[in-house]
Amino acid sequence: PPPPPPPPPSSRALSQGVEADTILGAKRMTIAWLILLLGSLIQMSGLSFGTYFNHNDIFHAVVMPGFAMMYMGTSVLHDYQEALGEGVPDSETKTNPAIDKSLEPDL
């Protein structure tokens, strides 16, 4: 006979894994904010490495990895909120009938 399937993970082990990944997402977002702050400081400083690489170019080169890190942090948090079933409730994703009526043309 085939071996029995492994037991499901305990809720404690699952919550510890989710907690660790939530902390990872928060750390990534904190690093992203620090990178974006650094980019802003460079933008305000007017730092330049020549005519063709001024503070605007340096700013954009710095903030691109910052936005990538922000995306990585929020995606980790979003994935685990979905796994736990803690996303936005369906009732909040539906449109508001009062608003929909106000957008209909008067006939």
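Summary of the structure given here. (Residues numbered from 1 in each chain as written. Predicted model: local features only at pLDDT ≥ 70, side-chain atom pairs only at ≥ 80, totals over all residues. Heavy atoms only, no water.)

**Some words on the overall build of the protein chain**
(1) Moving on: Counting its regular elements, the protein chain contains four helices and zero strands.
(2) Moving on: Secondary structure elements in the protein chain, listed N-terminal to C-terminal, are α-α-α-α.
(3) Moving on: Residues counted as buried form 13% of the 107 residues belonging to the protein chain.
(4) Moving on: The long-range share in the protein chain, meaning contacts at least 24 apart out of those at least 6 apart in sequence, stands at 62%.
(5) Moving on: Carbon and sulfur atoms provide 66% of the accessible area of the protein chain, an area that totals close to 8600 Å². (Helix = DSSP H or I, 4+ residues; strand = E, 2+ residues; numbered from the N terminus. Buried < 20%, exposed > 50% of the residue type's maximum accessible area, 1.4 Å probe, protein only. Contact = heavy atoms within 4.5 Å. Areas by Shrake-Rupley, 256 points an atom, 1.4 Å probe, with all protein chains shown as cover.)

**Some words on the environment of Ser-48**
(1) Moving on: Position of Ser-48 relative to the elements: it lies in the loop between helix H1 (11-45) and helix H2 (55-84).
(2) Moving on: Among the residues examined, Ser-48 registers a relative accessible area of 39% and is labelled partly exposed.
(3) Moving on: Separated by 10 residues in sequence, Ser-48 and Ile-58 have C-alpha atoms that sit 7.8 Å apart.
(4) Moving on: Sequence-distant contacts of Ser-48, defined by excluding residues within four places in its chain, comprise Phe-53, Asn-54 and Ile-58.
(5) Moving on: One polar contact links the side chain of Ser-48 to the main-chain carbonyl oxygen of Gly-50, over a distance of 2.8 Å. (Polar contact = N/O pair within 3.5 Å; in protein donor to acceptor, adjacent residues only side chain to side chain.)

Function-wise, these values are silent; they only describe arrangement.
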